[in-house]
Amino acid sequence: QQPVQSPQAVILREGEDAVINCSSSKALYSVHWYRQKHGEAPVFLMILLKGGEQKGHEKISASFNEKKQQSSLYLTASQLSYSGTYFCGTEWYSGGGADGLTFGKGTHLIIQP
Amino acid sequence: GEEVAQTPKHLVRGEGQKAKLYCAPIKGHSYVFWYQQVLKNEFKFLISFQNENVFDETGMPKERFSAKCLPNSPCSLEIQATKLEDSAVYFCASSPSLDSYNEQFFGPGTRLTVL
C-alpha cells in the first residue's frame, strides 16, 4: 500500500517554513525521506525507525509518531536550494535485510526569492 | 567506489528490442535495489539483491524483466522485448544494511526511451 503524502505541492518564499506529511494506513517499520531535483537522483535525507523519534538538525528535521503511521518532514527558514520534490519511502517490515521501499507520490516544493 | 554508478546514462530502443542496464553499488554495500520511475514521478520497486542472491523480486514483471548481481561484476537489469510503457528512468540503489537503519543510496539513473 502506497503511503499518502501531503500536500502535493507547496510554493514558499525564501525564509518561510514548510511541513510535508507522509501517512500510512498501517504501522510501518521505517520511513525514509529523499529530495529529488529535476533530472537527478533522489538524495537521502534521513531515516526514522522508532515510534516517537525526532531527528535532523535545525533546518531540516523529521518526526515519526508513536503509532509509526505518520511521519512529517520540517523545513525551517527555507533556502532556494531546498526546491525539489520530496518523497517518503516506507518499509512495512524488516525482512531480515533491507527491503524495497514503497514511495509516496511526492511533494513538489518551490522556493521563490 | 563512494557512489553508486549506473551505465548507460541514456538508452533508446525500438519496441521489441532488448535493453540492458548496469549498476555498480557502493563498495562494501551488501544490498542492491532496482527502481523504476515513470514520467509522473512515481517510483516502483522492482527487485533487490543481497550480494549475488535475489532478496525480494515481488515488484518484477518476470515475463520480460530479469536481473543479476554476479561476483566481481556490475549488477544488471535486462528487459527483453521492450514495450512503450517500459520508458522510464531506472534507478539502482545500494545499502550497507549493517544494522536496522537500511539507508539506500541512489545512483544517477538510466533513462530508457522505447520508441
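A short tour of the structure in this document, coming up.

Quick notes on the rules
- Residues numbered from 1 in each chain as written.
- Chains lettered and ligands numbered in written order.
- Predicted model: local features only at pLDDT ≥ 70, side-chain atom pairs only at ≥ 80, totals over all residues.
- Heavy atoms only, no water.
- Helix = DSSP H or I, 4+ residues; strand = E, 2+ residues; numbered from the N terminus.
- Rg over C-alpha atoms; globule rule 2.2 N^0.38 Å.
- Buried < 20%, exposed > 50% of the residue type's maximum accessible area, 1.4 Å probe, protein only.
- Contact = heavy atoms within 4.5 Å.
- Areas by Shrake-Rupley, 256 points an atom, 1.4 Å probe, with all protein chains shown as cover.
- Lys, Arg positive; Asp, Glu negative; His and termini not counted.
- Charge placed at Lys NZ, Arg CZ, Asp CG, Glu CD.
- Buried area = accessible area lost by both parts, 1.4 Å probe.
- Salt bridge = Lys/Arg side-chain N within 4 Å of Asp/Glu carboxyl O.
- Polar contact = N/O pair within 3.5 Å; in protein donor to acceptor, adjacent residues only side chain to side chain.

**Remarks on the overall build of chain B**
The number of helices and strands found in chain B is 0 helices and 11 strands. Helices and strands appear in chain B in the N-to-C order β-β-β-β-β-β-β-β-β-β-β. Over its C-alpha trace chain B gives a radius of gyration of 13 Å, about what one expects of a compact globule, namely 13 Å for 115 residues. Across its three principal axes, chain B shows a C-alpha extent of roughly 40 × 25 × 25 Å. The buried share of chain B, reckoned over its 115 residues, is 46%. Across chain B, contacts joining residues at least 24 apart in sequence account for 52% of those joining residues at least 6 apart. With an accessible surface of roughly 5900 Å², chain B has 51% of that area assigned to carbon and sulfur atoms. Here chain B carries 12 positive and 13 negative side-chain charges, and the mean point of each set is 8 Å from the other.

**Brief notes about unusual backbone geometry**
What is expected of a backbone is that most residues other than glycine have negative phi and most peptide bonds are trans. At the junction of Ser6(A) and Pro7(A), the peptide bond is cis and its omega measures out at -5° in the coordinates. By the element assignment, Pro7(A) lies in the loop between strand E1 (4-6) and strand E2 (9-13). Backbone torsion omega between Thr7(B) and Pro8(B) reads -10°, so that peptide bond is classified as cis. Relative to the helices and strands, Pro8(B) is located in the loop between strand E1 (5-7) and strand E2 (10-13). At Ala77(A), a residue that is not glycine, the phi angle is positive and equals roughly 50°. When you line up the elements, Ala77(A) lands in the loop between strand E8 (70-75) and strand E9 (84-91). A residue is classified by how much of its surface remains accessible, and Ala77(A), at 26% relative accessible area, is partly exposed.

**Examining the interface of chain B and chain A**
Facing the 22 residues of chain B at the interface are 26 residues of chain A. When chain B packs against chain A, close to 2000 Å² is buried across both sides, 59% of that on carbon and sulfur atoms. Looking only at chain B, the three residues that lose the most surface to chain A are Phe43(B), Tyr101(B) and Asn102(B), adding up to 30% of its buried area. Counting across the interface, chain B meets chain A through 1 salt bridge. Between Lys105(A) and Glu42(B) there is a salt bridge whose closest N-O contact spans 3.8 Å. The interface formed by chain B and chain A includes 4 residue pairs in polar contact (both at pLDDT 80 or more).

**Looking at the pattern of salt bridges**
Summed over all chains, the structure comprises 6 salt bridges over all chains. Here Glu53(A) and Lys55(A) are joined by a salt bridge, their closest N and O atoms 3.9 Å apart. Lys20(B) is the salt-bridge partner of Glu78(B), the closest N and O atoms lying 4.0 Å from each other. Here Glu78(B) is found in strand E8 (residues 75-79), whereas its partner Lys20(B) is found in strand E3 (residues 19-24), with 58 residues between them in sequence. One salt-bridge network, held together by shared partners, links Lys18(B), Lys20(B) and Glu78(B).

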